[in-house]
Amino acid sequence: MATVRYMVHDVDAAIAFYCDQLGFREVMHPAPTFAMVARNDLRLTLSVPGGGPGGGQAMPDGTLPAPGGWNRISLEVADLEADVDRLRAAGVVFRNDVVTGVGGKQILVDDPSGNPVELFQPLIPEAAE
């Protein structure tokens with residue numbers, strides 16, 4: 001199992017997005033500033049910047065973690081076009097259109113805090129999970 005931490009502005013909105021739109025399940029939500037969701041072998045921890053002790057706390061110099069950037073999780077999907085249509089209908093924000101690379105097709109979707117998630121449909125067996 002791998003764990004990735006994302007900084008989010010609103011934990012409840014993030015839980016709804018990952019569970020309702022991307023097939024995660026809620027594992028725990030012990031505080032308003034922290035939750036964990038999971039999908040297959042990926043645990044995603046969701047922390048609010050400055051949200052107390054733990055992953056959201058300020059660095060020693062006072063710098064707060066922030067959502068966004070370009071590092072991302074990549075979720076394998078079976079039918080990228082169908083998922084894009086479903087997510088667009090739900091009002092989800094995309095960073096780009098579908099692109100085809102050497103191993104498959106992909107698109108970047110933003111979670112409610114602006115963290116990117118790559119949806120990836122492999123086109124060759126070597127690129128599949």
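Coordinates for the structure precede this section.
Residues numbered from 1 in each chain as written. Predicted model: local features only at pLDDT ≥ 70, side-chain atom pairs only at ≥ 80, totals over all residues. Heavy atoms only, no water.

### Quick notes on the packing of aromatic side chains
Okay, step 1: Counting across every chain of the model gives two aromatic pairs.
Okay, step 2: A centroid spacing of 5.0 Å and a plane angle of 85° characterise the contact between F17 and Y18, whose relative ring orientation is edge-to-face. With respect to class, F17 is no different from Y18; both count as buried.
Okay, step 3: Relative to F24, the ring of Y18 has its centre 5.4 Å away and its plane inclined at 80°; by these criteria the two rings are edge-to-face.
Okay, step 4: With a relative accessible area of 0%, Y18 lands in the buried category.
Okay, step 5: If you follow R88 out to its NZ or CZ, it ends over the ring of F94, 4.4 Å from the centre.
Okay, step 6: Over the aromatic face of W70 sits the side chain of R95, whose NZ or CZ is 4.2 Å from the ring centroid. (Phe/Tyr/Trp six-rings, centres within 6.5 Å; stacked < 30°, edge-to-face > 60°. Buried < 20%, exposed > 50% of the residue type's maximum accessible area, 1.4 Å probe, protein only. Lys NZ or Arg CZ within 6 Å of the ring centre and 35° of its normal.)

### A few points about the environment of P53
Okay, step 1: With respect to the secondary-structure elements, P53 resides in the loop between β4 (42–47) and β5 (73–76).
Okay, step 2: For P53, a relative accessible area of 78% translates into the label exposed.
Okay, step 3: A sequence separation of 20 residues divides P53 from T33, and the C-alpha atoms of the two residues are 9.9 Å apart. (Helix = DSSP H or I, 4+ residues; strand = E, 2+ residues; numbered from the N terminus.)

### Some details on the layout of surface pockets
Okay, step 1: Estimated volume of the largest pocket: approximately 180 Å³.
Okay, step 2: As for the largest pocket, its lining consists of R39, N40, D41, L42, S74, L75, E76, F120 and E129.
Okay, step 3: Top element by residues in the lining of the largest pocket is β5. It accounts for three residues.
Okay, step 4: When grouped by side-chain class, the residues that make up the lining of the largest pocket number three nonpolar, two polar and four charged. (1 Å grid on protein atoms, 1.4 Å probe; cavity = no way out; pocket = protein on both sides within 12 Å on 5 of 7 lines; lining within 4 Å. Points joined across faces, edges and corners; volume = space filled by probe spheres on them. Nonpolar A, V, L, I, M, F, W, Y, C, P; charged D, E, K, R; others polar.)

### Considering the sheet that holds strand β3 (residues 34–39)
Okay, step 1: Overall, mixed pairing links the four strands, which are arranged β1-β4-β3-β2 in an open sheet. Both edges of this open sheet fall to β1 (2–7) and β2 (25–31), since each of them pairs with a single strand only. The sheet shows a mean angle of 20° between the axes of neighbouring strands, direction not considered.
Okay, step 2: Note: β2 against β3, four bridges, orientation antiparallel. Bridge pairing links R25 to A38 in β3.
Okay, step 3: Strand contacts of helix α1 (residues 11–22): β1, β2, β3 and β4, with the helix running at about 10° to β3, the strand carrying the most contacts. (Pairing = 2+ DSSP bridges. Axes fitted to C-alpha atoms, helices over the stretch in contact; angles between N-to-C directions. Contact = heavy atoms within 4.5 Å.)

It is worth stressing that arrangement in space is one thing and function is another; only the former is reported here.
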